[in-house]
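# Structure at a glance
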Amino acid sequence: MRIAVFGAGYVGLVTGACFAELGHDVVVRDVLEDRISTLQDAGMPIFETGLEELLERNRERMLFTLDVREAIEGAEFLFVAVGTPPTYSGDADLSAVWTVIDELPRDLDGDRPIIVMKSTVPVGTGALVRAALDARGLAGVGYVSNPEFLAEGSAIADFQHPDRIVVGAFEESDGDRVASLYAGIDAPVLRTSVPSAEMVKLASNAFLTTRVSFINEIANVCELVGADVSDVARGIGLDHRLGPHFLRAGIGWGGSCFGKDVSALKQLAGNSGYHFQLLAAVIEVNELQKRRPVIAKLERHLGTLRGRRIALLGLAFKPGTDDMRDAPSLVIAARLLAEGAEVSAWDPVADGRIHLHGVETAGSALEALDGVDAAVLVTEWPELRELDWAEAGARMRRRLIVDGRNMLDPVELRALGFEYEGIGRATE
Ligand code: UGA
């Protein structure tokens, strides 16, 4: 099969490369010249675990282009994997989706190509696109909603071993064709209407954020009553009705998807006249979780933060990616700077210089820790678990660590002379 993929972000590239690995010919089209020329020169415009090797292995079956015509030439499937960032109103910005649809030439409908929507869109988008295609004389082009459930850092594994494949179609035969693309993948295929498929995606992300905000509130209460949220989460997770996933307490959820999707669902409900109270609370809990615990813990130990030097360890919103969109690190850094602290920062791949003005970026974790009054573990990079904490302590002015991800061993660190604070873990 020949597949065109619109959008060379991590979803488009992982989707394209995984389909190439399944033996299909793939053309990836983007409007960003830099991105396409980097890919054409066998470079990597983004960091995603395993993607470079996957692209390398499948280079012969993949093309990268800026040209719509070249992308769609002979393509049976047109995957839309462009960004749908939030607007000021909290709704999703669909301009990139509409650009793809509007750019499709009118003579496209030869062999009934199918537009496959991977981008996360509000419920009802499929119907609007269908109507727009029909109005432009493209009634012979199919439309299928096939949402992605790829988490950054594990996107390739998520594509190859998904929990489910959701296919929502207006025409059953279009759905059959899209489902058949995944023939080599062992996963249940859920066939639904287009709006239901769109809603599965939004509701899944909303539920995941609800779990994390829930456990973060439990963590905050644990601190007040002397319980340990890690043990509590284990105890919850052993109930098969609840399960162990997305119960890691920390400094809040971030990333390019959760914030925008939850807000898009809340707005979607609001636009339809329904006040989604639970999601409003989930969002607010998260805003506070990014702003409050780390700063409060630092202040408890250090008093005023003015003139204090604080190191942020990890900047990406999660390990395995260089993505800093909506990362808790951005809020924590801004809060620290606003309190008058000096901030140093390190991340193995995310480039803090682009996003963090006023923060000194260091070449290594140890360098970031030189002469600091405290360290904040922001992203649970494995490198930080392996760090020589004795050496780290020797470089710090004060051995104070706030572990925003509950990744480190408090007993070990306290034995090294550290004051240790986790999230929802009993303090000494
Ligand atoms: C998320 C979903 O997990 C994917 O299924 C979905 O396809 C994707 O959004 C998307 O909509 O494209 P992603 O944002 O890449 O994936 O990363 P997650 O692993 O879900 O983590 C999101 C945030 O939640 C991170 O900041 C992470 O640190 C935080 N988190 C996650 C917690 O604080 N605690 C947890 O227990 C789990």
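Residues numbered from 1 in each chain as written. Predicted model: local features only at pLDDT ≥ 70, side-chain atom pairs only at ≥ 80, totals over all residues. Heavy atoms only, no water.

## Some words on the overall build of the protein
A count of helices and strands for the protein gives 19 helices and 14 strands. On C-alpha atoms alone, the protein measures out to a radius of gyration of 23 Å, which is about the 22 Å that the 2.2 N^0.38 rule sets for 428 residues. Contacts in the protein between residues far apart in sequence, at least 24 positions, make up 72% of those at least 6 positions apart. A total of about 18,500 Å² of accessible surface is found on the protein, and carbon and sulfur atoms cover 53% of it. (Helix = DSSP H or I, 4+ residues; strand = E, 2+ residues; numbered from the N terminus. Rg over C-alpha atoms; globule rule 2.2 N^0.38 Å. Contact = heavy atoms within 4.5 Å. Areas by Shrake-Rupley, 256 points an atom, 1.4 Å probe, with all protein chains shown as cover.)

## Considerations on the domain arrangement of the protein
When cut into domains, the protein gives domain 1 (2-192) and domain 2 (194-428). Computed from C-alpha atoms alone, the centre-to-centre distance between domain 1 and domain 2 is 32 Å. Counting residues at the interface gives 33 residues for domain 1, matched by 28 residues for domain 2. The junction of domain 1 with domain 2 conceals about 2,200 Å² of combined surface from both sides, 59% of it contributed by carbon and sulfur atoms. On inspection of domain 1 and its partner domain 2, the count reaches one salt bridge. Summed over the shared surface of domain 1 and domain 2, the result is 13 residue pairs in polar contact (both at pLDDT 80 or more). Every element with two or more residues in the side of domain 1 that touches domain 2 is listed here: α6 (125-135), β6 (142-145) and β7 (165-169). Of all the elements, β7 adds the most residues to the side of domain 1 that touches domain 2, at three residues. For the side of domain 1 that touches domain 2, a count of residues per class yields 16 nonpolar, 12 polar and five charged. (Domains from an automatic or database assignment. Buried area = accessible area lost by both parts, 1.4 Å probe. Salt bridge = Lys/Arg side-chain N within 4 Å of Asp/Glu carboxyl O. Polar contact = N/O pair within 3.5 Å; in protein donor to acceptor, adjacent residues only side chain to side chain. Nonpolar A, V, L, I, M, F, W, Y, C, P; charged D, E, K, R; others polar.)

## Some remarks on the sheet that holds strand β9 (residues 309-313)
Spatially, the six strands line up as an open sheet ordered β11-β10-β9-β12-β13-β14, and their pairing is parallel. Edge positions in the sheet fall to β11 (360-361) and β14 (419-421), since each has one partner strand and no second. Two strands pair when backbone bridges link them, and strand β10 (residues 342-346) and β11 are joined in this way by two bridges, in the parallel orientation. Each bridged residue has a counterpart across the sheet, and for S344 the counterpart in β11 is E360. (Pairing = 2+ DSSP bridges.)

## Things to note about helix α12 (residues 277-291)
Over its 15 residues, α12 runs 21 Å from end to end, which matches the ideal 21 Å to within 8%, given 1.5 Å per residue. Buried within α12 we find L279, V282, V285, N286, Q289 and K290. The arc that holds every buried residue of α12, seen down its axis, measures 130 degrees, which confines them to one face. With respect to the buried face of α12, the exposed residues turned more than 90 degrees away are Q277 and E284. If you follow the buried residues of α12, they end up packed against α9 (194-225), α11 (258-271), α13 (293-302) and α14 (328-338). (Expected span 1.5 Å × (residues − 1). Buried < 20%, exposed > 50% of the residue type's maximum accessible area, 1.4 Å probe, protein only. Arc of directions from axis to C-beta.)

## Re the environment of L288
As for its position among the elements, L288 is in helix α12. Using a relative accessible area of 33% as the deciding quantity, one classes L288 as partly exposed. Taking the C-alpha atoms as reference, L288 lies 24 Å from E152; in sequence the two are 136 residues apart.

## Here we look at the sheet that holds strand β5 (residues 114-117)
Ordered in space as β3-β2-β1-β4-β5-β6-β7-β8, the eight strands form an open sheet in which the pairing is mixed. Strands with a single pairing partner mark the edges of an open sheet, and in this sheet they are β3 (62-65) and β8 (189-192). The average undirected angle you get between the axes of adjacent strands in this sheet is 25 degrees. Of the pairings in the sheet, the one linking strand β1 (residues 2-6) to strand β4 (residues 77-80) comprises four bridges and is parallel in character. Residue pairing across strands places A4 opposite L78, the latter belonging to β4. (Axes fitted to C-alpha atoms, helices over the stretch in contact; angles between N-to-C directions.)

## Some thoughts on the site of the ligand
Of all residues adjacent to the ligand, which total 21 residues, the nearest are E148, E152, K201, N205 and K318. Here an oxygen atom of the ligand sits 3.0 Å away from a polar atom, N or O, in the main chain of F317. A distance of 2.8 Å separates an oxygen atom of the ligand from a polar side-chain atom of K318. For the ligand, the protein covers 95% of the area, taking 710 Å² as the surface of the free molecule. Only α9 and α11 provide two or more residues apiece to the shell around the ligand. Per element, the largest residue contribution to the shell around the ligand is four residues, and it comes from α9. When residues of the shell around the ligand are assigned to domains, at least three map to each of domain 1 (2-192) and domain 2 (194-428). (Near = heavy atom within 4 Å.)

## Some words on the pattern of salt bridges
Inspection of every chain in the model, using the stated rule, returns 27 salt bridges. A salt bridge links E421 to R300, with the nearest nitrogen and oxygen atoms 3.2 Å apart. Of this pair, E421 sits in strand β14 while R300 is found in helix α13, placing the two residues 121 residues apart along the sequence. The class of E421 is buried, set by a relative accessible area of 2%. Here the salt bridges share partners, and the residues they tie into one network are E223, K297, R300 and E421.

## Details of the state of the cysteines
For the structure on display, the rule yields zero disulfides. Unpaired in this structure, C18 has its nearest cysteine sulfur neighbour in C257, at a distance of 16 Å. (Disulfide = S-S within 2.5 Å.)

## Details of a nonpolar patch on the surface
A contiguous nonpolar patch, built from V221, L224 and V225 and spanning about 340 Å² of accessible area, is present on the exposed surface. Its location among the elements puts L224 in helix α9. (Patch = residues over 30% accessible without salt bridge, like charges linked within 9 Å, V, L, I, M, F, W, Y side chains within 5 Å.)

## Re the nonpolar core
Membership of the largest hydrophobic core comes to 58 residues, with the highest contact counts inside it found for L298, L312, L336, L369 and W389. If you look at the next biggest cluster of nonpolar residues, it comprises 41 residues, including I46, L54, L150 and Y182. (Core = buried A, V, L, I, M, F, W, Y, C linked by side-chain atoms within 4.5 Å.)

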